[in-house]
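Report on the structure
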Amino acid sequence: MSYMLLIQEPVGQRATRSEPEGRALYERMLRFGDALREEGVLLGAQSLAPLSKAARVTVEGGKARVVDGPFAEAKEMIGGFYHVDVATREEALALAARCPAAEWATIEVRALAPCFES
């Protein structure tokens, strides 16, 4: 089964780190991704830019509305993700527990499924 390991980090947390600290954490995340790749479970992974570079799009009455970030109501943001393929939910949870970002963020584990399933 495919699972997303979504890294939910507090908004503004990145700004509290120096560039060397941020680079060191990013290197840890890359090594974690490399380990998942070597284990044959990684389908994809990316780090996402901060909310200040994001936009939200909605369509109402056939017209698109774009709101540029940052978003005042946001307390957390998705900072990145790992897309993995493992046999069980328990395996996905174990991978999330190994993720270095679990030390400073929350890792949300979600199975991929059609939107009509509840």
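Residues numbered from 1 in each chain as written. Predicted model: local features only at pLDDT ≥ 70, side-chain atom pairs only at ≥ 80, totals over all residues. Heavy atoms only, no water.

A word on the environment of Ile107. Along the polypeptide, Ile107 turns up in strand β6 (residues 106-111). With 81 residues separating them in the primary sequence, Ile107 and Tyr26 have C-alpha atoms 16 Å apart. Ignoring anything within four residues of it in the chain, the contact list for Ile107 reads Leu5, Leu6, Ile7, Ala96, Cys99, Ala101 and Ala102. (Helix = DSSP H or I, 4+ residues; strand = E, 2+ residues; numbered from the N terminus. Contact = heavy atoms within 4.5 Å.)

Here we take up the nonpolar core. Of all hydrophobic cores here, the largest spans 20 residues; its most connected members are Leu36, Tyr82 and Val84. Only β1 (2-10), α1 (19-38), β5 (76-85) and α2 (89-98) provide two or more residues apiece to this core. Ranked by residues supplied to this core, first place goes to α1 with four residues. Apart from the residues lying within four places of it in its own chain, the contact partners of Leu36 are Val41, Leu42, Tyr82, Val84, Leu95 and Arg98. (Core = buried A, V, L, I, M, F, W, Y, C linked by side-chain atoms within 4.5 Å. Buried < 20%, exposed > 50% of the residue type's maximum accessible area, 1.4 Å probe, protein only.)

Taken together, four strands build an open sheet; the order of strands is β2-β5-β1-β6 and the sheet is antiparallel. With partners counted over all chains shown, the strands left at the sheet margins are β2 (42-47) and β6, one partner each. Strand after strand, the sheet turns through a mean of 20 degrees between neighbouring axes, direction not considered. Bridge count between β1 and β6: six bridges; the pairing is antiparallel. (Pairing = 2+ DSSP bridges. Axes fitted to C-alpha atoms, helices over the stretch in contact; angles between N-to-C directions.)

Below, the discussion takes up the pairing of strand β4 (residues 63-68). In terms of burial, β4 is largely open, as just zero of its six residues are buried. Of the pairings in the sheet, the one linking strand β3 (residues 55-60) to β4 comprises six bridges and is antiparallel in character. Across the sheet, Ala55 pairs through a bridge with Asp68, a residue of β4. Counted between consecutive antiparallel strands, the loop separating β3 from β4 contains two residues, among which Gly61 sits at a positive phi close to 60 degrees.

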